[in-house]
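Observations on chain architecture
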Amino acid sequence: MSAQILSGISVGYGAFRNGSKSLVAALAVCVCTTTSALAAEVTIAALGDSLTQGYGLPQGEGFVPQLQDWLTARGEDVEVLNAGVSGDTTAGGLSRVDWTLTDDVDAMIVALGGNDLLRGIDPAVSRANLEGILVAAEERGVEVLLVGMTATSNYGTAYKEAFESMYPELAEAHDTLYYHSFFDALTEDGIIEENIRTYMQPDGIHPNAEGVAKIVADLGPYVVELANKAR
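Quick look at the structure, then. Nothing here was measured: the structure is a model prediction, and the numbers come from that model. (Residues numbered from 1 in each chain as written. Predicted model: local features only at pLDDT ≥ 70, side-chain atom pairs only at ≥ 80, totals over all residues. Heavy atoms only, no water.)

Residues T90, G92, G93, R96, V97 and T100 constitute the buried set of helix 6 (residues 90-100). Down the axis of helix 6, the buried side of the element spans an arc of 140 degrees, and every buried residue falls inside it. In helix 6, the exposed residues that point more than 90 degrees away from the buried face are S95 and W99. Looking at the buried residues of helix 6, the elements they touch are strand 1 (42-48), strand 2 (78-84), strand 3 (107-111), helix 7 (114-119) and helix 8 (123-139). (Buried < 20%, exposed > 50% of the residue type's maximum accessible area, 1.4 Å probe, protein only. Helix = DSSP H or I, 4+ residues; strand = E, 2+ residues; numbered from the N terminus. Arc of directions from axis to C-beta. Contact = heavy atoms within 4.5 Å.)

As a further point, take the packing of helix 8 against helix 9 (residues 157-173). Taken N-terminus to C-terminus, the directions of helix 8 and helix 9 make an angle of 15 degrees; their axes are 9 Å apart at the nearest point. Classed by the angle they form, the pair helix 8 and helix 9 counts as roughly parallel. Both helix 8 and helix 9 take part in a crossing whose hand is right-handed. Listed contacts from helix 9 to P123, S126, R127, L130, E131 and L134 of helix 8 are Y159, A162, F163, M166, Y167, E169 and L170. Among the residues making up the contact of helix 8 with helix 9, the classes are represented as 9 nonpolar, 1 polar and 3 charged. (Axes fitted to C-alpha atoms, helices over the stretch in contact; angles between N-to-C directions. Parallel < 35°, antiparallel > 145°, perpendicular 65-115°, else oblique. Left-handed = near helix turned anticlockwise from the far one by under 90°. Nonpolar A, V, L, I, M, F, W, Y, C, P; charged D, E, K, R; others polar.)

In structure tokens:
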């Protein structure tokens, strides 16, 4: 019980009895205020590319609607906004971040870099773009969950190492939450080829609805942590 609540209330037994209704009322206000703050709705923008936009999937089966349903089913008062643009690079995300971060947005999922990888963009360029996004979020007091991406070896070992390492290094530098790779849930058991056939669309790039469900189930707890951090 805080000193502020107790100030002005006599510690004598008789005085406590006489002032008990006031004390209970004060405690009720304190508890209700705290509960309200913890339960306040949080708005999260999912800034990304076709993976967050829901490419190739019926409405309601993409990443954002499935994540929204996952959160709602667990009693989380969170609204997820779809800020994914198919084909977008980190440069595109940087160009959109200012108008994505409206006054209503409390937190942001940043899931970009897949198209940079497909185009062989210099990881140093991608890193600078991602850092610009994180700085924009910092300036507005918006919490971030940075989602990494695993690179192939098409461009060599040095490229792969530079690309993959930029995510955890940026997350640490800017004190953001970090999730290793968007596709972690589909490769965690090591059966990559089988999982690609089972959980990916025919293009081998985008997850199908079942794949999205696995991704959401694995990523979801990190989003809950993001929402709590934003509160």
